[in-house]
Amino acid sequence: MNTSLARPDRRTFAIISHPDAGKTTLTEKLLLHGGAIHAAGEVKARGQNRRARSDWMKIEQQRGISVTSSVMTFERTQGGHTTTFNLLDTPGHEDFSEDTYRTLTAVDSAVMVIDAARGIEAQTRKLFEVCRLRDVPIMTFVNKVDREGLSPFALLDEIADKLALDVCPMVWPMGMGNEFVGLYDLTTHQVLLPGGETRQMSGFDDPQLDVLLPNGRAAAFREEAELASAGYAAFDVDSYRAGNLTPVYFGSALREFGVDALIDALEAHAPPPRPQPATPRAVTPDEPTVAGFVFKVQANMDPQHRDRVAFMRLCSGKFKRGMKLKQISTGKVIAVHSPIFFFARERELAEEAWPGDIIGIPNHGALRVGDTLTEGEAITFTGIPNFAPEILRRVKLGDPTKTKQLRNALNDMAEEGVTQIFRPLIGSNWIVGVVGQLQLEVLISRLQAEYKVDAGFEPSPWETARWLSADDPAKLEAFMADHRAAMAEDRDGAPVYMARDAWELNYTSQRNPDIRFTATRERH
Ligand code: G4P
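Residues numbered from 1 in each chain as written. Predicted model: local features only at pLDDT ≥ 70, side-chain atom pairs only at ≥ 80, totals over all residues.

Naming follows an unreviewed UniProt entry, where the protein appears as Peptide chain release factor 3 of Sphingoaurantiacus capsulatus. Word for word, the UniProt comment on the protein under Subcellular location (unreviewed entry) is "Cytoplasm". (UniProt positions renumbered as here; feature names shortened; annotations may be inferred.)

Written out as structure tokens, the structure is:
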């Protein structure tokens, strides 16, 4: 059977933005558009409460698990062709967190939402850098053109300068704020008016523009539009897919304006599932056997249950319910009997999935972030950061009277998953653990902006950390007493051993076979 003929079209993407730029609003409009949810306002709730109304709440109730809106799938059928869009939520509504990082490893492209009045903001930039690390192609949506904003030229130049990207305006706003009239498609010369009406222009000199933009505004618009089409790089799909060029769309998520053009663009230009880096070889989506990786594990909201949902990105092959997959890290074979699919209407158990799809696999903690699952071949996907922190730093406080604020702030951010904190049993300086340098930067800037705490980091003697457990509590106690200088507690009071390097960790764990050293934090 030639499965590639039946292979449906997938676009797996995330939205990156600074808080308040309009990610939630745009998500909601995209889902409405695709029929995934039926009433506006459903995605609006924030934080843990944010979820699109859906049948999967039923699953949540039945299983006592919460999958919130980690992945939202919507479909669009045009001219007999259906495209499936998998929108991955970048969690923790405003943070650069480990979760966010991992989620971006599971997408093929991203939409960068920018507030027209604010341009590129700090978080947008950080998230952009993560995308760049993996050459994730970016489409830009300049939001809120219904309000006064920066000039479109200033915005384009800022994107080009700050992100070192070629920019290519695809539509041009006809006025902004109170004077906003519509969007001009620079390729098709169609004008989109509020309410969804479109008018075909013969070009920038079409006299209809004088009616739409009276009092001499048409002349100004023509000049701008000429400049916009001539002054920037021409759209080149290869350059976009290589991550060198971003096509720029303008619109208003709130007014549902320009959202269509964005979906059209995702369908037309955003890459279908890409090959994924792995050792000993990369995995391409048209391979016949199933391979995927876990990029996120969501723990139960209810501590009474031990269920977890592992989110697996399918990278190759056609997945079928009930399939047996091998967890490469342990060699264990797992029969995936009740995978959760997140399709627009029927969310419960779909029978098959394709590369680019995300499958939720309920399990009792066996599946970890970074795990590779295959039909048997020993492949390991790379570039998915693990829970264990790779950078441990002591926090240095500028003003010693702010100790309490600092601790509150670190506690808050640890709870949100922005960082991990460890309290050494000896000494009073807390240790912060992160998986990447960028997280440290975010931490410092958030401490300043949100908690008014000036802090810096200094190197700690340790490089890595492991959580400890043992069947015999006395043995654990004894180990802790022997290694007191390297012991800390995590936020939940769980014992953590800190090692100077991988060698020391290995040595210590081999000499203490009764102690379990785990690289993954159990989340409660
Ligand atoms: P976020 O997820 O990126 O944080 O942003 P969110 O969608 O929550 O939007 C932030 C604010 O910007 C919201 O206003 C939202 O209504 C507004 N907004 C989003 N898109 C547009 C747009 O196209 N035009 C205009 N004018 N505003 C937009 P809020 O006052 O914070 O919340 P709410 O009271 O409206 O819910």
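What follows is about the nonpolar core. Counting residues in each nonpolar core, the largest one holds 94 residues, and the members touching the most others are Ala110, Val111, Cys131, Tyr249 and Met312. For this core, the leading source of residues is strand S14 (residues 308–316), giving 6 residues. By size, the runner-up hydrophobic cluster in this structure holds 28 residues, among which are Leu406, Ala409, Val434 and Ala486. (Core = buried A, V, L, I, M, F, W, Y, C linked by C-beta atoms within 7 Å. Buried ≥ 20, exposed ≤ 12 C-beta atoms within 10 Å, placed from the backbone. Helix = DSSP H or I, 4+ residues; strand = E, 2+ residues; numbered from the N terminus.)

So, about the site of the ligand. The immediate surroundings of the ligand are formed by 16 residues, with Gly22, Thr24, Thr25, Ser252 and Leu254 found nearest. The greatest single-element share of the shell around the ligand, amounting to 3 residues, is contributed by helix H2 (residues 23–34). (Near = placed C-beta within 6 Å.)

With that settled, the discussion passes to the pairing of strand S16 (residues 324–327). For a regular strand, side chains alternate in direction, first toward one face of the sheet and then toward the other. In this sheet, strand S17 (residues 332–335) lies alongside S16 in antiparallel orientation, the contact comprising 4 bridges. In the sheet register, Leu325 faces S17, and the bridge partner there is Ile334. Between S16 and the antiparallel strand that follows it, S17, lie 4 residues; Gly331 among them carries a positive phi value of about 80 degrees. In this sheet, strand S20 (residues 372–374) lies alongside S16 in antiparallel orientation, the contact comprising 2 bridges. What sits directly across from Gln327, in S20, is Leu373. (Pairing = 2+ DSSP bridges.)

What follows concerns the confidence of the model for the protein. For the protein, per-residue confidence averages 83 on the pLDDT scale, and 82% of positions sit at 70 or higher. Contacts for the low-pLDDT stretch residues 1–6, under 50 throughout, to residues beyond four places or in other chains number 3 contacts. Every residue in residues 92–96 scores below 50 in pLDDT, and together they form 21 contacts with partners more than four places removed in sequence or on other chains. Across the assembled chains, the prediction reports ipTM 0.98 with pTM 0.73. (pLDDT = per-residue confidence, 0-100. Contact = placed C-beta atoms within 7 Å.)

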